[in-house]
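Descriptive analysis of the structure
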Amino acid sequence: MSAGQSKVFSIPEITLPIAGSGQVFPVRRVYCVGRNYLEHIREFGNDEREPPFFFAKHRDCIVQNGTALRYPSLTSNYQHELELVVAMKSGGENIAKEDALGHVFGYGLGLDMTRRDLQMASRKKEQPWEIGKSFDQSAPCTAIVPAETCGHLSKGKIQLHVNGALKQDGDLAQMIWNVAETIAALSTQVGLAAGDLIFTGTPAGVAACKKGDTLVGRVEGLPELKRSEEHTSEL
Ligand code: MN
């Protein structure tokens, strides 16, 4: 905008709380890694030798932990993917693996909610995945914990319980590309910057959610991610 111009309207800024502070983390872009845990690759029968790849969600797909979630339109196979989320404080292009963690502000825990039937139909037609991945409320995320508090996370259980039953059970150490390698690889494709979030892929055990399901995600050192049943209703 040049001097003298004013906006015709305002749109909300997308932010996440920073754990233990009154500050917020402004979200710029949201990237996701596809196929970063071997057991999850196997559960879909995909090629284990192919490197992981990236896709994006619109930043307003982010929803705050505990926000009311509606069952989305157009799908009868609405699946959960619990993922470690990396929050960037700076970025650049072609970031060296050795420098990558220096660009990380902190970590959160997120759900890459997926309309699996639409994703699969798109794949079959060689169309973009967007309708299956980047839809309203498709990226619930916890508060961001600064790395100076939780350290850089490279191992430890990542678990999702659905209605009290353990459904996704992995370890961050099982990531094919660790956080530093993921940042380095993504930065060869796009310039990264402060405010970017990277959902780092999901362990095995993805499955369809029903209306009313209670989902609880846990990684040690991060806030519990909860989508409770009273928050779930039909779109
Ligand atoms: Mn995912």
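Conventions and cut-offs
Residues numbered from 1 in each chain as written. Predicted model: local features only at pLDDT ≥ 70, side-chain atom pairs only at ≥ 80, totals over all residues. Heavy atoms only, no water. Helix = DSSP H or I, 4+ residues; strand = E, 2+ residues; numbered from the N terminus. Rg over C-alpha atoms; globule rule 2.2 N^0.38 Å. Buried < 20%, exposed > 50% of the residue type's maximum accessible area, 1.4 Å probe, protein only. Areas by Shrake-Rupley, 256 points an atom, 1.4 Å probe, with all protein chains shown as cover. Lys, Arg positive; Asp, Glu negative; His and termini not counted. Charge placed at Lys NZ, Arg CZ, Asp CG, Glu CD. Contact = heavy atoms within 4.5 Å. Polar contact = N/O pair within 3.5 Å; in protein donor to acceptor, adjacent residues only side chain to side chain. Salt bridge = Lys/Arg side-chain N within 4 Å of Asp/Glu carboxyl O. Pairing = 2+ DSSP bridges. Axes fitted to C-alpha atoms, helices over the stretch in contact; angles between N-to-C directions. Donors = N, O, S within 2.8 Å, 3.2 Å for Na, K, Ca; no water.

**Examining the overall build of the protein**
Of the regular secondary structure elements, the protein holds six helices and 18 strands. On C-alpha atoms alone, the protein measures out to a radius of gyration of 17 Å, which is about the 18 Å that the 2.2 N^0.38 rule sets for 235 residues. Each of the three principal axes of the protein carries a C-alpha extent, and together these read 50 × 45 × 40 Å. Across the 235 residues of the protein, 49% fall into the buried class. Total accessible area on the protein stands at roughly 11,400 Å², and carbon and sulfur atoms take up 49% of it. Once the 25 positive and 28 negative side-chain charges of the protein are each reduced to a mean point, those two points are 3 Å apart.

**Description of helix α6 (residues 179–186)**
In terms of burial, α6 is a largely internal element, seven of the eight residues being buried. What α6 keeps buried is the set Val179, Ala180, Thr182, Ile183, Ala184, Ala185 and Leu186. Considering only its buried residues, α6 is in contact with β3 (30–34), β4 (53–57), β8 (82–88), α2 (97–100), β9 (104–111) and β15 (197–199). Between a side-chain oxygen at the N-terminus of α6 and the backbone nitrogen of Ala180 the separation is 3.2 Å; the capping residue is Asn178.

**Notes on the pattern of salt bridges**
Side-chain pairs of opposite charge can arise whenever the charged atoms involved come near each other. All told, the structure shown has nine salt bridges when counted by the stated rule. Its salt-bridge partner being Asp196, residue Arg28 comes within 2.8 Å of it at the nearest N-O pair. One end of the pair, Arg28, is in the loop between β2 (24–26) and β3; the other, Asp196, is in the loop between α6 and β15, and 168 residues separate them in sequence. We note a salt bridge from Asp112 to Lys133, for which the minimum N-O separation is 2.9 Å. Pair noted here: Asp112 is in the loop between β9 and β10 (114–115) and Lys133 is in helix α4 (residues 130–133), with a separation of 21 residues, a long-range link. Accessibility classification places Asp112 together with Lys133 in one group, the buried group. Overlapping salt bridges, with partners in common, bring together Lys57, Glu81, Asp112, Arg116 and Lys133 in one network.

**Quick notes on the pairing of strand β14 (residues 165–171)**
Pairing between strand β13 (residues 157–162) and β14: six bridges, direction antiparallel. Within the sheet, the bridge partner assigned to Lys157 lies in β14 and is Asp171. The turn joining β13 and β14, which pair antiparallel and follow one another in sequence, is formed by two residues; a positive phi near 50° is taken by Asn163.

**Concerning the sheet that holds β13**
Read from one edge to the other, the open sheet built from four strands follows the order β14-β13-β16-β17, with strand pairing classed as antiparallel. Strand pairing shows two members of the sheet lacking a second neighbour, β14 and β17 (225–227), which therefore form its edges. When the angles between neighbouring strand axes are averaged without regard to direction, this sheet yields 10°.

**Structural notes on the pairing of strand β16 (residues 215–219)**
Burial analysis of β16 places four of its five residues in the buried class, which makes it a mostly covered element. Pairing of β13 with β16, which is carried by five bridges, proceeds in the antiparallel orientation. Counterpart to Val162 in the pairing with β16 is Leu215. Where β16 meets β17, three bridges bridge the pair, whose relative direction is antiparallel. Bridging across to β17, Leu215 finds its partner in Arg227.

**Digging into the coordination of the manganese ion**
Taken together, the protein ligands of the manganese ion are Glu81 (OE), Glu83 (OE) and Asp112 (OD), with distances of 2.0 to 2.1 Å. Here the donor residues for the manganese ion map to a single chain with the spacing E-x1-E-x28-D.

Read these as spatial facts, not as claims about activity.
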